[in-house]
Amino acid sequence: MVTDRFRSLGRPARYVGLCLLLVAVAFLVLGRWDLALAVGAGALLGWVLLKPVRITWAIFVVAFMVPVTIDFGYPTNPSYTLLLLLFVLAVWGRLHRAERDGWPPRLIGAALLLPFCAVLAGVLHWHGIKPVAVGVAPLLCIGVLGWHLIEEARRDPKLIRRIAETFTWISVAVTAFAKYQTLTGTWPLFDQFAYDWTYTSLFDPTRAAGLFGHPIVYGSFAMAMALVALTIRGRYWYIPFTANLVGLVLSGTRSAWVGTALALGIWLLLNLRRIAWRGVATGVVIAVVAFVAVAVNPATFRVGSSEPPPTWVSPVEPGAKPTPSSAAPSVDSVDVAGARMSDPVGSASASARFERISVAWDGITRDWSTVIFGNGPESNVRYLEDVGIGDGQAQVFDNTYLTIWHNLGLVGLLSFLGLLLTLFWRSRSLVGRLIMVGFAAQIFFFDVWLWLTAVAVLLLAISLGAAGDSAAWPRSLRDLVPGRQRVPGRESADVGESHHQPPSPSAGVAASFTARGTHSH
């Protein structure tokens, strides 16, 4: 089969492929694995660019699977490098479809709205071209990615749902890796290759980071995958759903817990009339299995030597690699989760949040121009580098909304909120809306833009919203009243339902939780 595909590429493409293979092998022989990797990545990128469907897959694979905490020799910051790669993929995908889709002014305007606000803030509070370019770049890349994925989802809704389901199963393997991290008290690969010690298990060995180098980002991913598994309902959906509940606990990410709780609360409210005893029993079984998976003691899997596995200690000099230590912590994930849930208001974490809110607010309210137009792109970075927050915690505002207001002003914040509300209102997918709710709640507790996996959660929600499904969303609160029946033919166009359409595979959003124990996949 591989040979047939290779022959089908055509003679020029085969020659190019063979030449690149020989070059990569030559670099490996010379011991330059980095150059060999670059050649392989370039060849793969060329293959991806041949078809728009591959581009859509590649966008999510790169955003979800390539960690930004490991520097593979990128010419600049890993987040900016990968954002540039995704920007190239999205632009090339639009050029592929330009003849068919044209250049829709509304979508293009939405994609450029936040970059325009950044340029406006940068011009009014001028600090040079560099901060404007650095501040505009991620917003422009994300806007173009959203535009491209909306168009592709409208063209091929099944593709987006297939991608979402595929990643729910990948997330099961990620959960297994996260469990291994808590069992050993280390983050394999990430401890050895992270470009900063704060992206290793040394930062907090009691929490898992999965494949993403940071527990908060893993929490975002697990939240999205749990909601996709629950709502789309592929075959054996309860396996990835349970696995991602485990991942959420192992990550110790309270912001993701809040987002997931809000989304699940809405899901339960929408399906309240259809919940039956069988559904309750299924929920109890899932909860018990998830608890057992979280509660497994690290000592259970230690065979032979009684010596604890290595952990990592802080480097003496800034920028130095972390070094192994012989005393690894014993992680009890249940105790860790309980401690984080009962964390008092006066704790160090809560105090750090309040301190950052105060600092950001002081910058926002400096004068009328900073309230309306902000302090300019990257102004938060300038403040944290030049002045800083002297509490020994991460030098970030840890609140996407406040950071946008601080940098881009009320104009930027209202534009961002308007985009989120518009995307939510126009979404034709229940799962897309639920993920947006969770995302909107979570980014109140951290700055999202340079964490590609977390950004990809929003992009997945937008894509699913454009693809649509037949899961019902209430037109008004009256639709939630038990016993109230909808008038046939008046289902919301926003959720893509029609009285004359047959139900899609995602129609049974309450399957196994619904009356009579109906099941769909």
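Structural notes, computed from the coordinates. As the structure is a prediction and not an experimental result, all values here were calculated from the model.

Scanning the protein chain from terminus to terminus reveals 20 helices and two strands. In the protein chain, the proportion of contacts linking residues at least 24 apart, taken out of those at least 6 apart, comes to 75%. For the protein chain, the computed accessible surface area is about 25400 Å², with 67% contributed by carbon and sulfur atoms.

A contiguous nonpolar surface patch, about 970 Å² in accessible area, is contributed by Leu268, Leu269, Leu272, Ile275, Trp277, Val280, Val284, Val288, Phe291 and Val292. Elements that contribute at least two residues to the nonpolar patch include exactly helix H12 (254–270) and helix H13 (277–295). Per-element accounting of the nonpolar patch gives the leading share, six residues, to H13. Topologically, Leu268 is positioned in helix H12.

In this section: unusual backbone geometry. Positive phi is not limited to glycine here, since Leu189 has a value of about 75°. Judged by its relative accessible area of 52%, Leu189 falls in the exposed class. Even without a glycine there, the phi angle at Asp398 is positive, about 60°. For Asp398, a relative accessible area of 18% gives the class buried.

Further remarks concern the nonpolar core. Counting residues in each nonpolar core, the largest one holds 110 residues, and the members touching the most others are Phe64, Ile435 and Leu464. The biggest single contributor to this core is helix H10 (residues 215–232), with 14 residues.

Turning to the packing of helix H6 (residues 105–124) against helix H7 (residues 129–155), a few remarks are in order. With their axes 8 Å apart at the nearest point, H6 and H7 run at an angle of 175° to one another. Judged on the interaxial angle alone, H7 and H6 are roughly antiparallel. Judged by residue contacts, Leu107, Ile108, Ala111, Leu112, Leu114, Pro115, Ala118, Val119 and Gly122 of H6 engage Val132, Val136, Leu139, Leu140, Gly143, Val144, Trp147, Ile150, Glu151 and Arg154 from H7. Of the residues in the contact of H6 with H7, the class split is 15 nonpolar, two polar and two charged.

All told, the structure shown has three salt bridges when counted by the stated rule. Glu152 is the partner of Arg94 in a salt bridge, and the nearest nitrogen-oxygen pair spans 2.8 Å. Placement of Arg94 in helix H5 (residues 78–101) and of Glu152 in helix H7 is noted, with a sequence separation of 58 residues between them. With a relative accessible area of 3%, Arg94 lands in the buried category. Between Glu152 and Arg97 there is a salt bridge, with the nearest N and O atoms lying 3.0 Å from each other. Residue Glu152 is found in helix H7, and its partner Arg97 is found in helix H5; the two are separated by 55 residues along the sequence. Owing to a relative accessible area of 10%, Arg97 belongs among the buried residues under this scheme.

Quick look at H13 now. Over its 19 residues, H13 runs 27 Å from end to end, which matches the ideal 27 Å to within 8%, given 1.5 Å per residue. Residues of H13 that are buried: Gly279, Ile286, Ala290 and Val294. Viewed along the axis of H13, the buried residues span an arc of 65°, placing them on a single side of the element. When the buried face of H13 is taken as reference, the exposed residues oriented beyond 90 degrees from it are Trp277, Arg278, Val285 and Phe291. Those residues of H13 that are buried lie in contact with helix H8 (157–184), helix H11 (238–251) and helix H14 (333–341).

A few words on empty space enclosed by the protein. Under the definition given, this model contains two cavities of 30 Å³ or more. In this structure, the largest cavity spans a volume of roughly 60 Å³. Forming the walls of the largest cavity are Glu165, Thr168, Trp169, Val228, Ala229, Ile232, Arg233, Gly234, Arg235, Trp237 and Pro240. Elements with a minimum of two residues in the lining of the largest cavity: H8 and H10. Approximately 40 Å³ is the volume found for the second largest cavity. If you go around the second largest cavity, the residues you meet are Ala63, Val66, Pro67, Val68, Phe212, Val217, Trp451, Leu452 and Thr453. For the lining of the second largest cavity, the per-class residue count stands at eight nonpolar, one polar and no charged.

In this fold, Ile266 is placed in helix H12. Using a relative accessible area of 25% as the deciding quantity, one classes Ile266 as partly exposed.

Right, let's get into the side chain of Thr168. Summarising the element assignment, Thr168 is placed in helix H8. Residue classification places Thr168 among the buried residues on the basis of a relative accessible area of 4%. A polar contact of 2.4 Å, which involves the side chain of Thr168, links it to the backbone oxygen of Glu165. What Thr168 contacts, discounting residues up to four positions off in sequence, is Met225, Val228, Ala229, Pro240 and Asn244.

Thresholds, definitions, all that
- Residues numbered from 1 in each chain as written.
- Predicted model: local features only at pLDDT ≥ 70, side-chain atom pairs only at ≥ 80, totals over all residues.
- Heavy atoms only, no water.
- Helix = DSSP H or I, 4+ residues; strand = E, 2+ residues; numbered from the N terminus.
- Contact = heavy atoms within 4.5 Å.
- Areas by Shrake-Rupley, 256 points an atom, 1.4 Å probe, with all protein chains shown as cover.
- Patch = residues over 30% accessible without salt bridge, like charges linked within 9 Å, V, L, I, M, F, W, Y side chains within 5 Å.
- Salt bridge = Lys/Arg side-chain N within 4 Å of Asp/Glu carboxyl O.
- Buried < 20%, exposed > 50% of the residue type's maximum accessible area, 1.4 Å probe, protein only.
- Core = buried A, V, L, I, M, F, W, Y, C linked by side-chain atoms within 4.5 Å.
- Axes fitted to C-alpha atoms, helices over the stretch in contact; angles between N-to-C directions.
- Parallel < 35°, antiparallel > 145°, perpendicular 65-115°, else oblique.
- Nonpolar A, V, L, I, M, F, W, Y, C, P; charged D, E, K, R; others polar.
- Expected span 1.5 Å × (residues − 1).
- Arc of directions from axis to C-beta.
- 1 Å grid on protein atoms, 1.4 Å probe; cavity = no way out; pocket = protein on both sides within 12 Å on 5 of 7 lines; lining within 4 Å.
- Points joined across faces, edges and corners; volume = space filled by probe spheres on them.
- Polar contact = N/O pair within 3.5 Å; in protein donor to acceptor, adjacent residues only side chain to side chain.

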